[in-house]
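Listed below are the residues making up each chain.
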Amino acid sequence: MAERLAADARKQALGGIPGWTEVGGRDAIAKTFVFKDFNEAFGFMTRAALVAEKMDHHPEWRNVYKTVEVVLSTHDAGGVTALDIELAKAMNAMARSTA
Ligand code: H2B
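Residues numbered from 1 in each chain as written. Predicted model: local features only at pLDDT ≥ 70, side-chain atom pairs only at ≥ 80, totals over all residues.

Defined as follows: UniProt positions are given in the numbering used here, feature names are shortened, and annotations may be inferred rather than shown by experiment.
You'll find the protein entered in an unreviewed UniProt entry as Putative pterin-4-alpha-carbinolamine dehydratase, with Bradyrhizobium stylosanthis given as the organism. Recorded in UniProt under Catalytic activity (unreviewed entry), the annotation for the protein is "(4aS,6R)-4a-hydroxy-L-erythro-5,6,7,8-tetrahydrobiopterin = (6R)-L-erythro-6,7-dihydrobiopterin + H2O".

Printed below as a string of structure tokens:
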């Protein structure tokens, strides 16, 4: 099972994934993606969902029109693990091709 990252490791990992920040009050990371329109936002969510399912690692997220708010945490571990960093990187890469 993936292990929670220590605070320093988490901070270092965040340096490599632009836009992701620590969530206040819980061990999780978050990013708000803003796209051109709903089509782009939902296209991103569709691609991200397929990657998440393949990883068996799923986001907490909320979509309003062209905005997608994402929170990542490993529920089984009770905090941020390497899986969250990997999914965050993949989401950044997927957003780059649409935003
Ligand atoms: N997603 C996230 N974000 N955290 C988890 O701990 C997790 C998951 N666990 N997706 C997976 C599914 C687990 O419940 C299944 C049984 O592998």
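Still more ground to cover, so stick around.
**Describing the sheet that holds strand β4 (residues 67-72)**
Cut-off, in case you're wondering: Criterion used throughout: strands pair if DSSP finds at least two bridges between them. Secondary structure is summarised from DSSP: a helix means a run of H or I of at least four residues, a strand means a run of E of at least two, and numbering begins at the N terminus for each. For the purpose of contact definition, each residue receives a C-beta atom placed from its backbone, and two residues are in contact when these atoms lie within 7 Å. Orientation is described by lines fitted to C-alpha atoms, with helices fitted over the stretch in contact, and by angles between N-to-C directions that extend from 0 to 180 degrees.
Read across the sheet, 4 strands follow the order β1-β2-β4-β3 without closing on themselves; strand pairing throughout is antiparallel. A single partner strand is all that each edge strand has here, and the edge strands are β1 (21-22) and β3 (60-64). As judged from the 5 bridges shared by β3 and β4, these two strands associate in the antiparallel manner. When the sheet's bridge partners are listed, E60 is paired in β4 with V71. Its contacts with the sheet place helix α3 (residues 82-96) against β2 (29-34) and β4, and it is angled at close to 165 degrees to β4.

**Notes on the site of the ligand**
Test applied: For each residue, a C-beta atom is placed from the backbone, and the residue counts as near a molecule or strand when that atom lies within 6 Å of it. Polar here means any residue outside two lists: the nonpolar Ala, Val, Leu, Ile, Met, Phe, Trp, Tyr, Cys and Pro, and the charged Asp, Glu, Lys and Arg; Gly therefore counts as polar.
For the ligand, the full set of nearby residues is D56, H57, H58, T74, H75 and D76. Classifying every residue of the shell around the ligand by side-chain character gives no nonpolar, 4 polar and 2 charged.

**A look at the pairing of β3**
Rules: Exposed residues have 12 or fewer other C-beta atoms within 10 Å of their own C-beta, buried residues have 20 or more, and partly exposed residues fall in between, where C-beta atoms are placed from the backbone.
For β3, the tally of buried residues reaches only 0 of 5 residues, placing the bulk of the element at the surface. Hairpin connection from β3 to β4: 2 residues lie between these consecutive antiparallel strands, with Y65 at a positive phi of about 50 degrees.

**A few points about the confidence of the model for the protein**
For the record, the criterion: The predictor rates its confidence in each residue with pLDDT, a number between 0 and 100.
The pLDDT averaged across the protein works out to 96; a share of 98% of its residues lies at or above 70. For this predicted complex, the interface confidence comes out at an ipTM of 0.95, alongside a pTM of 0.96.

**Quick notes on the packing of helix α2 (residues 38-55) against α3**
Packed helix pairs are specified by the crossing angle of their axes together with the interaxial distance, meaning the distance between the axes. The criterion, for reference: The labels follow the angle: roughly parallel below 35 degrees, roughly antiparallel above 145, roughly perpendicular from 65 to 115, and oblique for the rest. Each crossing gets its hand from how the near helix is turned against the far one by less than a right angle, where anticlockwise is left-handed and clockwise is right-handed.
Relative orientation of the contacting elements α2 and α3 amounts to 150 degrees, with a least axis distance of 10 Å. Regarding the angle of α2 to α3, the classification is roughly antiparallel. In this structure, the crossing between α2 and α3 has a hand that is right-handed. Packed against α2, whose contacting residues are F44, R47, A48, V51, A52 and M55, the element α3 presents L83, L87, A90, M91, M94 and A95 at the interface. Each residue belonging to the contact of α2 with α3 can be placed in one class, and the counts come to 11 nonpolar, no polar and 1 charged.

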